[in-house]
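What follows is each chain in one-letter form.
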Amino acid sequence: MMNIRELLQARPLLFDGAMGTYYKAAPGVECEQANLTDPAGVLAVHREYLAAGADAVKTNTFSLPRLAAAHTPGWEQLAQAGWQLAVQAAEETGAAVFADLGPAPDTEAVPAGQVYTAVAKQFAALGARNFLFETLSSDAGLLDAVGAIKAEVPDAFVLVSFAVLPDGYTREGMYCKDLARRMQESGIVDAVGLNCVSAPGAMRTLAKQLGGTLPLSVMPNAGYPVVTRTQVKYQGRPEYFARELGRLAAEGTVQILGGCCGTTPAHIAALRAELDSLPVVEKTTPSEEFSTVKEQTVENEDAFLRKLNAGEKVIAIELDSPRNADLTGYLEGAKKLQAAGADLLTIADCPIAQARMDSSLVACRVHRELGLCTLPHMTCRDRNLNATKALLLGLYAEGVREVLAITGDPIPTAERDEVKNVYQFNSRKLAQYIVSLAGEGREMPGPMTVFGALNLNARNFDVELRRAKEKLENGMSGFLTQPVLSAQAVENLKKSRETLGADAKILAGIMPVVSQRNAIFMENEINGIHVEDWIIEKFAGLDRAQGEEMGLAISLEMAKAALPYADGLYLMTPFNRVALMERLIGRLKQEVLGAY
């Protein structure tokens, strides 16, 4: 079979098009099942693409990593049948065969790297020497698998291709240049590229921005899909597809070309003709664009961040946005808290999955009218990537420079038929996405500071700390903790400081308990909060005024215990009792913060 490295020295490599959209599997049936149920049909598709001029075909195994991760019986047989059909077709023309692996789910129970490695080794045992990891939205576990491939097949050719939206980000919020750079720097990936999602024109623009020293691949969709009542159609014409990709090849930008969703043998034939008509040009040394990243020069610190980064103890206070459309009382409350000495106002994003006024819009209004620094919470529950990005750009334009990225409480089960969770991100991926929006040539002139949540009351705190370290690795700068209402929470805070280091900014959560009923409710119905029994007992028989006094006293005690291990305090306002929090801030400044 064809040697890919030798061919690339002479001319561009042309792949086939989309098996999945060209071969019409029965509704509800995996296309890969046709390797066993309709081998003649799969073989016919391979032959059509090869007759159109393709130099390489992909095995009909795109969904295999997902099937393997789900322990689907017989996935090994699908791999074997898919490999044999592709080899049979390729032997007739001398074309190359690539073992095709689509995205693998990445979970703690079954990491993506483990799945990729198992499937890749299955192909290696069958004789595969060329591997394509395609339509990926992240590189989780990928390099582990590539390393395993190279250990078994030292001369293997590995192409990694990411699915990127026209703005350069994957659906998990990862930036294409960052992903391509990591592939190049790995030293074990042979080629990198983009496929799916984008149409030829958009992908051409993206490809011209990548640079780097690895051979570059592009395999766009035929166009953007048109959804009818019964099916999805791609209406991009073969001649346009060929012209756009031919221009990339003529410029020397890409060395590997092909098609994804909606591309037919006609698209590949048109591209073959376009490539064959190109003049022979001398190869030049690829640019080293990936290796040089300019320093950020934009000033992004607001008053809160300047104080925090200077080592002064700060006070952040949470005030839930209203349930209706009237902000009058809310702004009055925020103004009082600002006057009392709060450095930052934090605003929850529809806590307990119940709709309130949007936290980001409220944050912008408060910042604009009061000049008070704000930290809107941003959950992964309600917004997809587009909505998240749009909101972040608006926040930055309004002068909001920090956000709290959290996964978010799920919508209660009984409502799920009507109101759907989104969860396109988790908090770590959301943080990575927010940070990636800033940089040279990107959407934000400078970065936003991202905080995360740290549950000091987690039953298995070692797991919580491990996740906190992952959050820092993904771009978070610090944490707001759940309320400190126990000796164990203080001990866990101390452990956090020792484990996460001085660079991680930690604001210790302080939430005044105001009654015994309130304490019992928090202990039993709010995730992430633990109230010790002695605290619950202290509120027995107290009226409202006495309860508030007791809550203040306990809050001061907890703040004194927590501050040696924290960079400041994160106060949570119970039942919108602004007057109570004014008193708490005053006493904290007088009795606790003065020592610092």
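What you see is a predicted model, and the numbers here were worked out from it, not measured in a lab.

This brings us to the packing of helix H22 (residues 544-562) against helix H23 (residues 578-591). Closest axis-to-axis distance for the H22/H23 pair is 10 Å, and the angle between their directions is 40°. Judged by the inter-axis angle, H22 sits oblique to H23. Classified by chirality, the crossing of H23 by H22 is right-handed. Where H22 approaches H23, its residues Glu-548, Glu-549, Leu-552, Ser-555, Leu-556, Ala-559 and Lys-560 are matched on the opposing element by Leu-580, Arg-583, Leu-584, Arg-587, Leu-588 and Glu-591. Of the residues that constitute the contact of H22 with H23, the class distribution is six nonpolar, one polar and six charged.

Mapped onto the elements of the fold, Thr-481 is located in strand E16 (residues 478-483). Of note is the side chain of Thr-481, whose polar atom sits 2.7 Å from the backbone nitrogen of Gly-509. Apart from residues no more than four positions distant in its own chain, Thr-481 is found in contact with Leu-454, Leu-456, Leu-493, Ile-506, Leu-507, Ala-508, Gly-509, Tyr-570 and Met-572.

A few words now on helix H15 (residues 359-370). Between its terminal C-alpha atoms H15 stretches 16 Å, which fits the 16 Å expected from 12 residues at 1.5 Å a residue. Listed in full, the buried residues belonging to H15 are Ser-359, Ser-360, Val-362, Ala-363, Cys-364, Val-366 and Leu-370. Buried residues along H15 sit against helix H14 (328-340), strand E12 (344-347), strand E13 (374-379) and helix H16 (385-397). At the N-terminal end of H15, a side-chain oxygen is found 2.9 Å from the backbone nitrogen of Ser-360, two or three residues along, and the residue is Asp-358. In the segment just after H15, Gly-371 is the residue with positive phi, at about 70°.

Within strand E4 (residues 130-136), seven of the seven residues are buried, which leaves the element mostly enclosed by the surrounding structure. Sheet topology places strand E3 (residues 96-101) next to E4; three bridges connect them, and they run parallel. Across the sheet, the residue bridging to Ala-99 is Phe-131, located in E4. When E4 meets strand E5 (residues 157-162), the two strands line up parallel, connected through five bridges. By the bridge assignment, Phe-133 is partnered in E5 with Val-160.

Time to look at the sheet that holds strand E2 (residues 56-58). What the eight strands build is an open sheet, ordered E1-E10-E7-E6-E5-E4-E3-E2; its pairing is parallel. Of all the strands in the sheet, the pair left with one neighbour each is strand E1 (13-14) and E2. Most of the contacts of helix H8 (residues 142-152) go to E4, to which it runs at about 175°, and overall it touches E4 and E5.

Our next topic: the packing of aromatic side chains. Going through the model one piece at a time under the given rule, you end up with seven aromatic pairs. Ring plane angle 40° and centroid distance 4.9 Å describe the contact between Tyr-169 and Tyr-175, whose orientation is recorded as tilted. Taking the relative accessible area as the measure of exposure, Tyr-169 reaches 0% and is therefore buried. An aromatic cluster of three or more residues is present, and its members are Phe-15, Phe-98 and Phe-157. For the cation-ring pair, Lys-313 lies above Tyr-596, with the distance from its terminal atom to the ring centre recorded as 4.9 Å. Stacked on the ring of Tyr-396, the Lys or Arg Arg-401 has its end atom at 3.7 Å from the ring centre.

Turning next to the pairing of strand E6 (residues 191-195). Across the five residues that make up E6, a large majority, five, are buried. Pairing between E5 and E6: four bridges, direction parallel. The residue of E6 that forms the bridge with Leu-159 is Ala-191. Handedness of the crossover is the feature at issue here: the chain leaves E5, passes through helix H9 (residues 176-186), returns alongside E6, and the resulting connection is right-handed. Bridging between E6 and strand E7 (residues 216-219) involves four bridges; their strand directions are parallel. Pairing of Leu-194 across the sheet is with Val-218, part of E7.

Further remarks concern the sheet that holds strand E17 (residues 505-510). In spatial order, the strands read E11-E12-E13-E14-E15-E16-E17-E18; together these eight strands close into a barrel with parallel pairing. Each strand of the sheet is rotated relative to its neighbour by a mean of 25°, with strand direction disregarded. Pairing analysis gives three bridges linking E13 to strand E14 (residues 402-406), with the strands arranged parallel. Each bridged residue has a counterpart across the sheet, and for Met-378 the counterpart in E14 is Ala-405. Across the sheet, helix H18 (residues 461-473) touches strand E15 (449-454) and E16, and the angle it forms with E15 is around 175°.

Here we come to the environment of Lys-208. Counting through the fold element by element, Lys-208 comes out in helix H10 (residues 200-210). Linking Lys-208 and Leu-248, residues 40 residues apart in sequence, is a C-alpha distance of 8.0 Å.

Before going further, it helps to spend a moment on the packing of helix H4 (residues 39-51) against helix H6 (residues 75-91). Running from N to C, H4 and H6 point in directions that differ by 40°, and their axes come no closer than 9 Å. With respect to each other, H4 and H6 are oriented oblique. H6 is crossed by H4, and the crossing has right-handed handedness. In this structure, H4 contributes Pro-39, Val-42, Leu-43, His-46, Arg-47 and Leu-50 to the contact, and H6 contributes Leu-85, Ala-86, Gln-88, Ala-89 and Ala-90.

Turning to the state of the cysteines, a few remarks are in order. Scanning all chains against the criterion turns up zero disulfides. Just so you know, Cys-31 is unpaired, no disulfide at all, and the nearest cysteine sulfur is the one on Cys-261, 11 Å from it. A relative accessible area of 13% places Cys-31 in the buried class. Cysteine Cys-176 shares no disulfide, and the gap to the nearest cysteine sulfur, in Cys-196, comes to 15 Å.

Okay, unusual backbone geometry next. Of note in the backbone geometry, Cys-350 takes a positive phi value of approximately 45° without being a glycine. One can find Cys-350 in the loop between E12 and H15. Residue classification places Cys-350 among the buried positions, given a relative accessible area of 14%. One non-glycine residue, Phe-575, lies in the positive phi region at around 55°. Turning to its location among the elements, Phe-575 is positioned in the loop between strand E18 (568-572) and H23. What makes Phe-575 exposed here is its relative accessible area of 59%.

What counts, and where the lines are drawn
Residues numbered from 1 in each chain as written. Predicted model: local features only at pLDDT ≥ 70, side-chain atom pairs only at ≥ 80, totals over all residues. Heavy atoms only, no water. Axes fitted to C-alpha atoms, helices over the stretch in contact; angles between N-to-C directions. Helix = DSSP H or I, 4+ residues; strand = E, 2+ residues; numbered from the N terminus. Parallel < 35°, antiparallel > 145°, perpendicular 65-115°, else oblique. Left-handed = near helix turned anticlockwise from the far one by under 90°. Contact = heavy atoms within 4.5 Å. Nonpolar A, V, L, I, M, F, W, Y, C, P; charged D, E, K, R; others polar. Polar contact = N/O pair within 3.5 Å; in protein donor to acceptor, adjacent residues only side chain to side chain. Expected span 1.5 Å × (residues − 1). Buried < 20%, exposed > 50% of the residue type's maximum accessible area, 1.4 Å probe, protein only. Pairing = 2+ DSSP bridges. Phe/Tyr/Trp six-rings, centres within 6.5 Å; stacked < 30°, edge-to-face > 60°. Lys NZ or Arg CZ within 6 Å of the ring centre and 35° of its normal. Right-handed = clockwise from strand over helix to strand, strands pointing away. Disulfide = S-S within 2.5 Å.

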